[in-house]
Each structure stands twice: as C-alpha cells, then as structure tokens.
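Examining the three-dimensional arrangement
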Amino acid sequence: MEALVASVIGILFAAGVYLVLRARTFPVALGLTFLSYGVNLMLFVAGGMVFDRPPIIGTREAYSDPLPQALVLTAIVIGFGMIAFFLALAVGAKGDLGTDHVDGREGSR
Amino acid sequence: MTFADIALPVIVALPFIGAVLPALAARASANRIAWAAAAVPLAILALLAPMLPEVFAGGAPRISLEWLPALGLNFSLRLDGLAMLFALLIPAIGILIILYARYYLSSDEPMGRFFVALLLFMGAMMGIVLSDNLLLLVIFWELTSLTSFLLIGYWSDRTDSREGARMALAVTGTGGLALLGGAVLLGHIAGTYEISEILAMGDLIRASDLYMPALLLILAGAFTKSAQFPFHFWLPAAMAAPTPVSAYLHSATMVKAGLFLVARLHPALAGTDAWFFLVGGFGLVTLVFGAYAAMFKHDLKGLLAYSTISHLGLIMLLLGMNTELAAVAAVFHIINHATFKASLFMAAGIIDHETGSRDMRRLGGLWRYMPHTAVLAIIAAASMAGVPLLNGFLSKEMFFAEALHVKELGAVGWILPLAATAAGVFSVAYSVRFIHDVFFNGEPKALQKTPHEPPRWMKIPVEILVAICLLVGVLPQLIVRPILDVASGAVLGVPAPDYSLAIWHGFNLPLLMSVVALAGGVAVYMSLQKLYRLHAHETGPWTGHRIFHGLHTGLLRSCAAASAWLANGSLQRYVAVLVGVSLLVGFVAFAQQIDPQQQTLLPVTAPAAAGWLVLVIATFVAVRRHRSRFTALIATGAVGLVVSAIFAYFSAPDLALTQLVVETASVILLVLVLRFLPQMSSLETLLRQRVRDIGLAALSGVGAGGIAWWLLTRPHHSISEYFLANSATLGGGTNVVNVILVDFRGFDTLGEVTVLAVAALGVMAMLGAGSAPREGTTPASRSVMLAKSAQILLPAALLTALYIFLRGHNLPGGGFIAGLVAGASGVLLYVANGIAWSEARLRFAYRSLLTGGLGIAFLTGAGSWLFGAPFLTSWHSHPHIPLLGEIPLATAVAFDVGIFLTVVGTIMLVLSTLGRLSPEGDEPWKPS
C-alpha cells in the first residue's frame, strides 16, 4: 500500500511539473492543480495511513492524526483561491495581450 | 547615578541630534550655520571636561544600557585613556574644520547639508572610540563608512567625487563586513562582546583555535579603513572631496579609526608572531610604498594623500612591533600626524582656493603672494618631514629607536631600520617638494586667479594647529606627557613604561638615521628635479585605482551577462531553472538520509488498486492530451475525485468533503475560463525542450515519490495527542479537525481565510466586477430541465449547507465545507439560468458577504479581549433551553460563521466575476 500511495504522489508531481512547464496558461493552471493534489496528499499521509478511524471523539478507540488533516483542509481551499487568481490573470492577459502564451507574446522562447 | 552615566550617552547622541541644527539654519547666514554646527563639538568638549581628571588618574567611567541582550549587544560606553585621546581630538579638530569650512565653501553651495553630514560623521566617530561593546563599535564603524560617503560625495555633480565616494564606501564597507565577522568570532572566543572584558582575556584569546581567523577578519577591517596597502587606493580617490572633508577624514578621524581599532584590541590580540608579521608587515610595506609614491604626485592633495597612507603605515608598524615603547610611539604619532596633516590639508585647500589650482607643475613662487600661509605650511611640512623642534621629529625619533630593537626578525633584523630610514628619506623628499614646488621654484604658470592671502579667519585653524606642532615639539614633557601616558597605558593594558620625551638624547643611532633622512631627502628631491625631470612624470598603468575600476566594471559586466543568460524573458525557462535547482538541492540533501525501511508494510487492497489504476490513467490522459483542453480538464476532474476518495479511504471525511466540493467549483471555474482561451494548444515547444521537461518532471516525480515513501515507511510520531485529548473538554467539540481549525489553530485559519478573501478581491480587481453583464452571456441553449431543477435544488442545497455547518463542530463538516457547498449551489443557479437571470434574483453583494465574514471572524477573536483573554480564546458551555434541551454552544461557532461567509463570498465573487465577462469577438463556446 505504501508503494501505491508513494507512486501516486510521484505521478501527480511529475504530471504537475510537466504541465507547469508548458507554454500556454491553461495547461499551467492544470499543472498547478496537479501539484496541489500531490502536495496535499503528501502532507496528509505524513500523518500516517489509517483505515476507518476518523478523528471524531467518542466514535472509536483510536483516531487518525487530525493535525495534517486540518492543515490540508485549509490548503485545499487556499489552492482553489490560488487557481482562481491564476485563471483571472490568464484571462486578463489574454484580453489585454491577445495571447495565452505565458510570456505574454507569441512564439517567444 | 554619576555624571558619566548621563554624559557619555549624551556625548554620543549629541552629534546625531545636533545634526538637525545646521539643517534648520540652512537658510540663515553662513556664520550662523557654522555656529549652529560648532555648538555640537563645543558641547561635547564641555561634557568631557568634568570626566577628564578621573581618566587622567587612571579611571575609566563606564555605562552599559541593554539593547539586544540576547545577542550580546549592549549600549556600553567607556572612557579610558585611549578613548579620551580620540574623544578630545575628534571634536577639537572638528571645531577647527567647521571654522575653516565656513570660509572654504562658497556661498552658493549648500553649507547646511555639509555640516549635517559632518556632524553625523562626528557622531559615528565618537561612537567608535567610546564603544565598550564590540558589536556596537561595528555599528558605528559602518556608520562612519556611510556618512563619509556623503561627505566625500558632497560635490555630487562631479564624476570624480561620486566615484571617490563609491570607492571609499565599497572598500571600507567591505572591510566593515569582515570586521563584523571578526567581532563575532572574538565575542565567541571570549563569551562576551564587552570590550573591557575581552581585553582582560588576552591569553585565552591568543590560545584559541579561532584566534587566527578572528585576527585576519579584524585586521581586514582595520587595514581597509586605514588605507593600508593594497587597500590604499580609495584614499587618493577620496581627495575629490572638499578639502575640509579631506582634512578631517584623513588627519584625525576616518583613517585613524583603523589604527584606533588595532590599538583598542592590542591587549587582547597583540604579542603573537602572527600579529607582528601581519600588522607590522602591512604597516612596513604601506610606510615605504606611500612615501615613495607621494614624491611623484603632482597634485598637492595627492601628495598629502600618499603621505597620509605612509604615516598610517608607520603607526600600524609601530603597533605591530609588540614592544611597549613602540605602542607609546604609535599613540604619540597619532597625535602628531593629526595636527600637522590637518594643517597641511587646510593649507593645500587655501592654496587651491586662492590660486585656482593644486597642480604643483603650475604653482610656484607663492612665497611672494601669500607669505603668511607659506610660513604656516612650511612649519607643518617640516614637522611632517621630522625636522627637530617640531612634534613630527619626536615621534619619528622614537620610531627609529624602536626599529633598531626588533627581535622577531633575527638575522634579517637590519631590514627594518633600513626600510625606516628609506621611508624617512622619501618623506623628507616629498615634504621638500611640497615647500619648494609651491612657494619657491620660479613663478606661477597660467593660473586663473592672481594668488593672494585668504580671509583672516580661514588661517586661524591652521595657526592653532601649527602652534600645537611647535609647542609639542619644544615642550613635549609638559604638553603631551600626561595624555600620552594614559592613552598608551590603555593600548598596552598595563601602565605605560618609563620613557623619555626630550628633543636631545645625545649622539646615537636614531639621531644618525634622522640626519641621513634629512640630508638624503633633500638630495633625492634635488636629483629628481634635475636628473629625472619630475614634472614630466606620468603615472604608470598599474594603479590600485585602475585595478579596482577594472574589477568593478568586470563584475558589473559579468552580472549583466549572467542575468541576460538567466533572465531571457521566457517564463518557461525560469520555471525550468527553478525546478532544476530545487531538484538538485533536494537530491543532495536527501541523498544522505537514505536508510532501510523500519516498518512492516500495509497490504494492498482491491479498492486501493482500482483507485490507483483510475488515477494513473486519468493523469496520463490529462498530460498526454493536454493540448486538447476540454479533455484534459475532464481528466483532471477525475483525478481530483480519486484524491477525494483517497482522503475518505484513509479516515479523513472532512478532507474528502472539502476536496469534492472544491473540485466541483474548480471544474466550473476552468470551464468558464475556457470560453476566453483557445480550445486547443498547438504543438510549439521543440522536441529538445520537451525532452528536458520530461526529464525534470520524471525527476520531480521520483523525488516526491521517494520522500513520500520515506515518510510512509518510518515510524510516525505525532504531536496530536494534545488535540485529541482536549478537543472535547477545551474546545467543546468532538470533530477534532474542526476544533483545530476554529479553536486551537484559529489564528492560522483567520490568516488563511484572509488570503482567500484577498485572492477573490484580486480576481475582482483584475477582471472588473463592476461592469454590467453584456449580451451573449446567456447560454445559447438554455436547458429548461436544468434551470427548473436548479431552482428546486437550491433551497435543498442551502439546507444541506446549514446542516453541514451546524454539525461541523462534532461531526465531519464545518464552515469551510458548508461555505463551499453553498457557493457551489449558487453557481449551479448561474450555470442553469445565465448571469443576467441570476443577477436579477440573487441581489447579494458578494464583496460585502466576504468582508462581513472576515469582520465577524476578527470580531469573534477580538471579543475575547473583553473578557481579559488573549485574541481568539474560545468559550463554550451547554446551556439548557426549554423545549430544546441541552444545546452545545461555543464562541468558535461564531468564528465558523465568519469562515462560512468568507468562503461563500469568495466562491460567488470569483465565479460571478468570471461568468459575467463575455468573450470579445468570439462565439460563446459550445461543446462539440
């Protein structure tokens, strides 16, 4: 199971990095989304992988680690804010510059 | 509280505070500005006077105020003999400089600004000499670098002025950094930064392994400040400053700071061979080199600059000799050099002022035009040359005598007296040149002005200084003996040895050396003029100035080349470099951490394997087909759902819910955005670049996966025991995640929702929420089914949100998730019915929703102040209400309401802002 989860995190990172390196804004936004998935998952599993023990007091004998969960919860929401901001930038740039190239001009390398 | 407790801090603070006086008086007459400036050094001297008897009696008044005690930085000041010598010299010569500058600066120059910088500089110098804390000393040291930059660059419209100021700052500032390093090392060895304590630990310090690095760094600071070869070149460049500045900086203050430092730390650092060879060696080379170079300078101030370098080398050499009498001679020469060099600079300034030139090839025969100035300059120059009956002679004799007694050099001990005599010959030669080439040697050539005597008052400071030269020269025992005793006692750390201050010591070797120097100097000068045609001499190509200049431009060019290579305007490249460097750092750091796993692994379950497969396929599709954007978007959404399932699978229901709703909102957002962007990307990156990116991506994946593997296969230590144990009792809720968010770590959450709100407002600011919806924003084919079901769903969704919110403190849910659900259901309405329809019905101002939410969260936090508790302290209870029974109630709920409103406001604001835009020129997007 550990290998499964570690490989998922690795794959999400690899996909995120590759997409972030693309030349157009939209794939970069997708890449950021993938990186968020990867980072959130990594933070989350830093608290260990536990089945069927949600941290609700009084329901179980033992509980999963609530701290990474609290951290990741806000990280997910902030990730949404970041993507929204990035997309607004992308749309604004397309409107003002007439291109969705990350450099703000066509064909630049 | 004694007088010194108040007087010492006031003395240091006075120039900084008093610097406003000339600024305020800037529009007044020149005399008033000068008086305003002179008031400060006069007050300093008045404050010093009552403390002098104590210091002369061997005492050292001290005061220490805590500043940053954790760093060992205290505002400690101490007035011992050495500090007193400088504390008297600095304001005393300062007063003379102010008087002189009053007549030197012309009426159209901003005199107020000049005196402000001068007083600031004076304050920094007073700080250096009075500091009894090493770090405090370094602070004032850097202040002298900064303020001298202002002084040297006073004529800011002149290129040479600016360049000289920059060079001085670069060299002395860099030295200051080295000094800071040395000071920290020294403080580390001694365990304290208090100088008086450090000075008592000489043996411990000299035996330390860190002695050598500390010594090197401290000397780097001292050598740059005191213009020791090879750092000397900034000093001649600083001659572009107005002459009063040169007279002040290069006689008694700036350049003496380095000598002061070496003298100050003498008891702690001196006595070793390293000290002898470093301090003495650099001093010796500087002494001979400066004296030799000075002979060939045609500029009056250039000659004096190199002479200053040479004399600084002489004093440095004396301090490095490791004998008690040499230290006395060093202190004595500090005094003498300050007096004759200040008067010589002033004389040079008068000549420049009244003839319009400082070039000795054009000057000459001024004896007839300005005899009064000539007499003063000749006496001062004679003192510089070491002519008997003047103060320069006495200290030079002591130097010669000490040069004969050095033991460290062994068989080559003769080299020192020889070099000393040679330097003496050169210094006589340039002194003779100063006199002969300016006041005699024919007639002035092609001067702009007819030379004449300066205003009466301009000569007063020179006269005072020359009088001191004479008085000390004739009556040394009476005039300087007392202060010399206490100052050199402070340098040595023990009472000064017995020494004889007299003009005549009988026929001995030092006297012979003096005679050789005097006669040889005259002969060297005559032969230079006659045989070498001195006036035709040109400076060679290898000057320190030009080397520095070359290095400076070379550095700037290579920086420009490096940034042109790195910052070529391609963001893709920046990201690639960023990722590459992070990978490098990460792999290097983690390569040392790899050790075998320590835990038994969990078995793979069927649902997990299935989820893994879905995620891998969806990710592959998203990456492989990313140019077909809608496909990639759908695949990304699928990945998000699997991530949500992973959270649920590993006991994190709150995360699963959050991820689910955020995923929905994100996908809607991305679809909205796709209306404004091309639907397809063309293949435009080169194959080479794609291979690079695939490599970087693969390495990132391996790195992140590796770290995750490492994390997962090691025992897991949590700090969450506290939260689990106290959530119900202290936080009043059983959902620990929610209690952490709204209570234990409430401050974090507050910051996070603020960030969220800022992001939403940023989106609004960028895309302009104020504009009215335009035509074409209604979906082209409005689905009646969707619209109707959305209207029915909305109340249900809002009820769900309310339910999720209310149970959140005890069961999965809470403000974040409820806000996301409510926001998403609002968006559904927009999607189904179009912007115009929804705007007409949902008359919420989302901005107010968002700011109101933040306000509630902040007020809840601040509310605990009313009960005398820290920000965001929560309170909870279980009041019994008729009919309803016992209700759990916590103030954290109000905080959660704030979060809820902020999240709803954020989502609605972002989505409605993006939805309201209409793609210009393009047709609204239709799925094909």
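The structure we're discussing is the one just above.
All of these numbers come straight from a predicted model, not from anything done at the bench. Counting of residues starts from 1 at the beginning of each chain's written sequence and follows it residue by residue. For naming, the first written chain is A and the first written ligand is 1, with later ones following in the order written. It should be noted that, the model being predicted, local features are given only for residues of pLDDT at least 70 and side-chain atom pairs only at 80 or more, the latter also being counted only at that level, while totals for whole chains, interfaces and linings use all residues.

**Some words on the overall build of chain B**
Just so we agree on the cut-off: Runs of H or I in DSSP of at least four residues are treated as helices and runs of E of at least two as strands, each being numbered from the N terminus. Counts of 20 or more other C-beta atoms within 10 Å of a residue's own C-beta define buried residues, counts of 12 or fewer define exposed ones, and intermediate counts define partly exposed ones; C-beta atoms are placed from the backbone. We call two residues in contact whenever the C-beta atoms placed from their backbones are within 7 Å.
Helix and strand counts for chain B stand at 39 helices and six strands. For chain B, the residues scored as buried account for 50% of the 928 residues in total. Across chain B, contacts joining residues at least 24 apart in sequence account for 79% of those joining residues at least 6 apart.

**Re the nonpolar core**
To keep it simple, the criterion reads: Nonpolar cores are identified as sets of buried Ala, Val, Leu, Ile, Met, Phe, Trp, Tyr and Cys residues joined via C-beta atoms within 7 Å.
Among the nonpolar cores identified, the biggest contains 221 residues, and B:A37, B:A87 and B:A380 are the most heavily contacted of them. The residues touching B:A380, leaving out its near neighbours within four places in the chain, are B:F340, B:S343, B:L344, B:A347, B:V466 and B:C469. Counting residues in hydrophobic clusters, the runner-up holds 134 residues, among them A:Y18, A:V45, B:A608 and B:L741.

**Let's talk about the interface of chain A and chain B**
Keep this limit in mind: Any residue that is not Ala, Val, Leu, Ile, Met, Phe, Trp, Tyr, Cys, Pro, Asp, Glu, Lys or Arg is counted as polar, Gly included; the first ten are nonpolar and the last four charged.
In this assembly, 78 residues from chain A lie in contact with 95 residues from chain B. Elements represented by at least two residues in the side of chain A that touches chain B include exactly α1 (2-20), α2 (25-45) and α3 (66-97) of chain A. When residues of the side of chain A that touches chain B are assigned to their parent elements, the largest contribution, 23 residues, is made by α3(A). Residues that form the side of chain A that touches chain B fall into these classes: 54 nonpolar, 14 polar and 10 charged.

**As for the pairing of strand β2 (residues 73-78) of chain B**
Residues and elements named next belong to chain B. For the record, the criterion: The pairing criterion for strands is at least two bridges between them, as found by DSSP.
Sheet topology places strand β1 (residues 62-68) next to β2; six bridges connect them, and they run antiparallel. Residue pairing in the sheet places R62 in a bridge with R78 of β2. The antiparallel pairing of β1 with β2 creates a hairpin that spans four residues between the two strands, and G72 there sits at a positive phi of about 80 degrees.

**A few points about helix α29 (residues 629-649) of chain B**
Test applied: Here the expected length of a helix is defined as 1.5 Å per residue gap, with one fewer gap than residues.
For α29(B), built from 21 residues, the straight-helix expectation of 30 Å at 1.5 Å per residue is met to within 8% by its first-to-last C-alpha distance of 30 Å. Along its buried surface, α29(B) packs onto α2 of chain A together with α28 (606-624) and α30 (653-674) of chain B. B:S651 sits one or two positions beyond α29(B) and adopts a positive phi of about 60 degrees.

**Focus on the packing of helix α18 (residues 324-355) of chain B against helix α19 (residues 371-385) of chain B**
In a pair of packed helices, the angle between the axes and the distance between the axes together describe the arrangement. All names here are of chain B. Put simply, the rule reads: With axes taken as lines fitted to C-alpha atoms, and helix axes fitted only over the stretch in contact, angles between N-to-C directions fall between 0 and 180 degrees. Crossing handedness follows the turn of the near helix against the far one: under a right angle anticlockwise gives a left-handed crossing, and clockwise gives a right-handed one.
Two elements in contact, α18 and α19, have axes whose closest approach is 9 Å; the angle formed by their N-to-C orientations is 145 degrees. The two elements α18 and α19 meet at a crossing, and its hand is left-handed. Where α18 approaches α19, its residues F340, S343, L344, A347 and I350 are matched on the opposing element by T373, L376, A377, A380, A381, S383 and M384. For the contact of α18 with α19, the class distribution of residues is nine nonpolar, three polar and no charged.

**Regarding the environment of B:L99**
Residue and element names in this part refer to chain B. For L99, the position within the fold is in helix α5 (residues 81-104). Residues L99 and W457, spaced 358 residues apart in sequence, show a C-alpha to C-alpha distance of 7.7 Å. Contact partners of L99, with chain neighbours within four places excluded, come to A34, W457, I460 and P461.

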